[in-house]
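Letter by letter, the chains look like this.
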Amino acid sequence: MKSIIVYFSRTGKTAQVARSWSHRIGASRLEIIPMAWRGTFREVLHYVCATLTRKDMEIDLYKVDFEKYDRIVLMVPVICGMMSAPMRTFARQEAGKLHNVEYVIIHKGIKMRHKSLIAWLDKTLGEKHVAASSIWAGWGKEYKPARIDGESILK
Ligand SMILES: Cc1cc2nc3c(=O)[nH]c(=O)nc-3n(C[C@H](O)[C@H](O)[C@H](O)COP(=O)(O)O)c2cc1C
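Computed from a prediction, not measured in an experiment: that's the story for all the values here.

K.L.:
What is the right way to read the site of the ligand from this model?
P.N.:
The environment of the ligand is formed by 14 residues, the closest being Ser9, Thr11, Thr14, Val78 and Lys108. In this structure, an oxygen atom belonging to the ligand sits 3.5 Å away from a main-chain N or O atom of Lys13. Here an oxygen atom of the ligand and a backbone polar atom of Ile106 are 3.4 Å apart. Compared with its free state, where it exposes 630 Å², the ligand has 74% of that area covered by protein. At the level of secondary structure, the elements contributing two or more residues to the shell around the ligand comprise helix 1 (13-25), strand 3 (71-79) and strand 5 (101-108).

Below, the structure is given as C-alpha cells:
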C-alpha cells in the first residue's frame, strides 16, 4: 500500500512521530510549513491566534499528486483543544481532493477522542475517514498510540 503522511509540527514532536512512522510503514512525508514571520516569536503568536480564531495561515507551496496514494494520513497537533491552524488551511485547500484519509491526532495532557475535530475534518474534506487514532502523552509521560475508530494505527 502506498501511503503519505501529511503533518505540521511547531516544536518537532509531530515531525518526530511522522518520521518514525514513515520509516516503519514505508510512507512518503509532506510537511506543512507556515510562511509568515518564519522562525520568529511573532510566528508563534500568529500560530496560536490563528488556531484559536480558526483563521487560515499561509502555507508553503507543495506539489503532490495525492491520487497516487492508497492512504493519506493527516497528523494533526492539538492546541487548546483545537486543530492547529496550518493543518486546517491544508484541509480547506484540499477539500474534495483527498480519498482514503486517516487521522492521527497528536496531543498531550488529558486523553480525548476529539470528536468535533474529526467531524470538522470529514465535513471539510467531504469524505468520511477510514480510521482515526491519537498519539497521546500524559503529563511527563511518553507518547503512545490509542485507536479512536476504524482499523489502522499505522501497523
Ligand atoms: C500552547 C499549547 C497548547 C496546547 N493545548 C493542548 C490541548 O488543549 N490539548 C492537548 O491535548 N494538547 C495540547 N498541547 C500539546 C500539543 O498538542 C503537543 O505538544 C503536540 O505535540 C504539539 O505538536 P508539535 O510538538 O509537533 O508542534 C498544547 C501545546 C501547546 C504548546
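K.L.:
Quick question: what am I supposed to make of the packing of helix 2 (residues 41-52) against helix 3 (residues 85-93) here?
P.N.:
Taken N-terminus to C-terminus, the directions of helix 2 and helix 3 make an angle of 55 degrees; their axes are 8 Å apart at the nearest point. Comparing their axes, helix 3 and helix 2 come out oblique. Between helix 2 and helix 3, the contacting residues are Tyr47, Ala50 and Thr51 on the first element and Ala85, Pro86 and Arg88 on the second.

K.L.:
I would appreciate a short explanation of the pairing of strand 6 (residues 131-137) in the present structure.
P.N.:
Burial within strand 6 is extensive, with 7 of its 7 residues counted as buried. Because side chains alternate across strand 6, one face comprises the buried residues Ala131, Ser133, Ile135 and Ala137, and the other comprises Ala132, Ser134 and Trp136, equally buried. Bridge analysis of strand 5 against strand 6 gives 7 bridges, and the strand direction is parallel. Among the inter-strand pairings, Glu102 is bridged to a residue of strand 6, identified as Ala131.

K.L.:
Please clarify how the environment of His107 should be interpreted in this entry.
P.N.:
As for its position among the elements, His107 is in strand 5. Residues contacting His107, with those up to four places away along its chain left out, are Val78, Met112, His114, Ser134, Ile135, Trp136, Ala137 and Tyr143.

K.L.:
When you look at the packing of helix 3 against helix 4 (residues 115-125) in this model, what are you seeing that I'm missing?
P.N.:
For any two helices packed against each other, the geometry comes down to the angle between their axes and how far apart the axes lie. Contact geometry of helix 3 with helix 4 gives a least axis separation of 8 Å together with a crossing angle of 30 degrees. Classified by the angle their axes make, helix 3 and helix 4 are roughly parallel. Once helix 3 is placed against helix 4, the crossing between them reads as right-handed. Contact residues: helix 3 offers Arg88, Ala91 and Arg92, while helix 4 offers Trp120, Leu121, Thr124 and Leu125. For the contact of helix 3 with helix 4, the residue count by class is 4 nonpolar, 1 polar and 2 charged.

K.L.:
What exactly am I supposed to notice about the packing of aromatic side chains here?
P.N.:
The way to describe two aromatic rings as a pair is by their centre distance and the angle between their planes. Following the criterion strictly, the structure yields 4 aromatic pairs and no others. Between Tyr62 and Phe66, the aromatic rings sit 6.4 Å apart at their centres with planes inclined by 70 degrees, giving edge-to-face as the arrangement. With a relative accessible area of 7%, Phe66 lands in the buried category. Plain terms: the ring middles of Phe66 and Phe90 are 5.9 Å apart, the flat faces sit at 70 degrees to each other, and that makes the pair edge-to-face. In this pair, Phe66 is assigned in the loop between helix 2 and strand 3 and Phe90 in helix 3, connecting sequence segments 24 residues apart.

K.L.:
Help me understand the pairing of strand 5, please; the structure alone is not making it clear to me.
P.N.:
Most of strand 5 sits out of view: 7 of its 8 residues are buried. Looking at chain direction, strand 3 and strand 5 are connected through 6 bridges and run parallel. Bridge pairing in strand 5 places Val76 opposite Ile105. At this point the chain moves from strand 5, through helix 4, to the parallel strand 6, and the crossover so formed is right-handed.

Reading the values: the criteria
- Residues numbered from 1 in each chain as written.
- Predicted model: local features only at pLDDT ≥ 70, side-chain atom pairs only at ≥ 80, totals over all residues.
- Heavy atoms only, no water.
- Near = heavy atom within 4 Å.
- Polar contact = N/O pair within 3.5 Å; in protein donor to acceptor, adjacent residues only side chain to side chain.
- Areas by Shrake-Rupley, 256 points an atom, 1.4 Å probe, with all protein chains shown as cover.
- Helix = DSSP H or I, 4+ residues; strand = E, 2+ residues; numbered from the N terminus.
- Axes fitted to C-alpha atoms, helices over the stretch in contact; angles between N-to-C directions.
- Parallel < 35°, antiparallel > 145°, perpendicular 65-115°, else oblique.
- Contact = heavy atoms within 4.5 Å.
- Buried < 20%, exposed > 50% of the residue type's maximum accessible area, 1.4 Å probe, protein only.
- Pairing = 2+ DSSP bridges.
- Left-handed = near helix turned anticlockwise from the far one by under 90°.
- Nonpolar A, V, L, I, M, F, W, Y, C, P; charged D, E, K, R; others polar.
- Phe/Tyr/Trp six-rings, centres within 6.5 Å; stacked < 30°, edge-to-face > 60°.
- Right-handed = clockwise from strand over helix to strand, strands pointing away.

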